[in-house]
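Results of the structural survey
So you can see what is in the structure, the chains are spelled out below.
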Amino acid sequence: MLPSVLLLSTGGTIAGRGDASTRLNSYAAGALSTEELLAAVPELHQLASFQVEAIANVDSADLQFGHWNQLVLRIRAAFAADPHLVGVVITHGTNTLEETAWLLDLLIDDPRPVVLVGAMRPATALSADGPLNLFQAVQVAVSLKARGLGVLVVMDGEIHSARVVSKVATQGVGAFASPGAGPLGWLDDAGVHLPSARTQREIPFAGLQLPELWPEVAILHGCVNPPAALIQALLMAGVEGLVFTGTGAGQLSALERRALEAWSGSLPLMLRSNRCGAGPVHGHADDHQLGLLPAGTLNPQKARVLLLLALIAGLDRSGLQRLLQATPMTVG
Ligand code: ASP
């Protein structure tokens, strides 16, 4: 009997349709149904039997917290209800794929693989990359080697951990990398290879119930002479969380630090990340006074996902600090 896989689709370029096979940039994302994606790769039926469901069919920039709620509920329910289910594959737009992957990594407590996959070329393009990416994602989902490794991302024959993977190029295949860590493994004719995977990991928000209304967490991008009005506007609007995409190793400008010092209301939960794309952010002497915490190697968008869940879980700054220390957020 073939292993059973739950295939969830959310849209993106992997389900994109253009009006000519030579169109690589102009096409409609999220145009093909889950059934059409499956039908395009008949080889998939040698690997598994499928239950297919659409969570959404959108460009991943248009995903909402409600879609995240649906994904989490569906995956938790499927694992709880079906002991024969071997894994879950999620097709996803590449632009925000790493955020959904990291979110699920923090929330799904089951050793069975959850694998996210996308494509950089629409399904209608010459040499579309989606079909092979999907085939390889299913190869990983049914592999015993992939159990207990947390949420995985499969692109271009590489297997990445949700913690570190990031989209690092706007176009072309090979747009995904795991900065500072490298991929966990790869796929070839001999199957799935995961030589550097470790199975010990924490799932900090395993039992967390997600609300209908999520907290507001904003990301501020560091640059020369940043507009002070922006940070003041966010504080006045009452954001509950703030991620600074600091320059270099997560440096805030004096202007931003002054705006935090001058603020008399309660401060949001705040993380300092960096805009370099690789490398850690360490603690600074004035972090405590300003209410900041360093995000380690989490990129700004992943630091935001962590803050969202920390706020939903009701953590304060010291709770978040304990979480950052207890959970290896900073390693690949
Ligand atoms: N626009 C696409 C998205 O949904 C990009 C992609 O999937 O490659 O993120």
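Just above, that's the structure.
Read on for an overview of the structure. Within every chain, residues take consecutive numbers counted from 1 along the sequence as written. Since the coordinates come from a predicted model, pLDDT governs what is reported: local features require at least 70, and pairs of side-chain atoms require 80 or more to be given and counted, while whole-chain, interface and lining totals use all residues. The side-chain values count all of the structure's non-hydrogen atoms but skip hydrogen atoms and water molecules.

1. Brief notes about the overall build of the protein
- Scanning the protein for helices and strands turns up 9 helices and 14 strands.
- Every radius of gyration here is taken over C-alpha atoms, with the globule rule written as 2.2 Å times N^0.38, N being the number of residues. A compact globule built from 332 residues should have a C-alpha radius of gyration of about 20 Å, and the protein, at 20 Å, falls within 12% of that.
- Its C-alpha atoms give the protein principal-axis dimensions of roughly 65 × 45 × 35 Å.
- Across the 332 residues of the protein, 50% fall into the buried class.
- For the area figures, the Shrake-Rupley method with a 1.4 Å probe applies, and any residue is considered shielded solely by the protein chains shown. Of the roughly 14,400 Å² of accessible surface on the protein, 53% is carried by carbon and sulfur atoms. Only DSSP runs of H or I reaching four residues or more are called helices, and only runs of E reaching two or more are called strands; each is numbered from the N terminus. Categorising residues by exposure relies on relative accessible area from a 1.4 Å probe, with only protein chains included: less than 20% of the type maximum marks a residue as buried, more than 50% marks it as exposed, and the intermediate range marks it as partly exposed.

2. Some words on the sheet that holds strand β4 (residues 114–117)
- For two strands to be treated as a pair, DSSP must find no fewer than two bridges joining them. Read from one edge to the other, the open sheet built from 8 strands follows the order β2-β1-β3-β4-β5-β6-β9-β10, with strand pairing classed as mixed. For this open sheet the edge positions go to β2 (49–58) and β10 (191–193), each flanked by a neighbour on one side alone. For this sheet the average axis-to-axis angle between neighbouring strands, irrespective of direction, equals 25°.
- Judged from the 4 bridges that link them, strand β3 (residues 85–91) and β4 form a sheet pairing that is parallel. Residue pairing in the sheet places T91 in a bridge with V117 of β4.
- In this description, contact between two residues means that some pair of their heavy atoms is separated by no more than 4.5 Å. Under this scheme, a helix contributes an axis fitted over its contacting stretch, all axes are lines through C-alpha atoms, and angles between N-to-C directions fall in the 0 to 180 degree range. Along the sheet face, helix α3 (residues 97–107) touches β3, β4 and β5 (152–155) and points at about 175° away from the line of β4.

3. Looking at the site of the ligand
- Being near a molecule or strand, for a residue, comes down to having at least one heavy atom within 4 Å of it. Close to the ligand lie G12, T13, D59, S60, G93, T94, N95 and A119.
- S60 has a polar side-chain atom sitting 2.6 Å from an oxygen atom of the ligand.
- Each polar contact in these results corresponds to two N or O atoms within 3.5 Å; when the atoms are within protein, one needs to be able to donate a hydrogen and the other to accept it, and residues that are neighboring in sequence are counted only if both atoms are side-chain atoms. At 3.0 Å, a backbone N or O of N95 approaches an oxygen atom of the ligand.
- In the complex, the protein chains occlude 93% of the 260 Å² of accessible area that the ligand would expose alone.
- Of the residues contributing to the shell around the ligand, the split by class is 1 nonpolar, 6 polar and 1 charged. Just so you know the grouping, Ala, Val, Leu, Ile, Met, Phe, Trp, Tyr, Cys and Pro go in nonpolar, Asp, Glu, Lys and Arg go in charged, and all remaining residues, Gly too, go in polar.

4. Re the sheet that holds strand β13 (residues 269–274)
- Taking strand neighbours across the sheet as the criterion, the 4 strands line up as β11-β12-β13-β14 in an open arrangement whose pairing is parallel. Looking along the sheet, the strands with just one partner apiece sit at the ends: β11 (217–221) and β14 (292–294). Across the sheet, the mean angle from the axis of one strand to that of its neighbour is 25°, orientation sign disregarded.
- In terms of strand pairing, strand β12 (residues 241–246) meets β13 through 6 bridges, oriented parallel. Paired with F244 across the strands is R272, a residue of β13.
- Across the sheet, helix α5 (residues 228–237) lies against β11 and β12, angled at about 170° from β11, the strand it touches most.
- Where helix α9 (residues 317–326) meets the sheet, its contacts fall on β13 and β14, and the angle it forms with β14 comes to roughly 5°.

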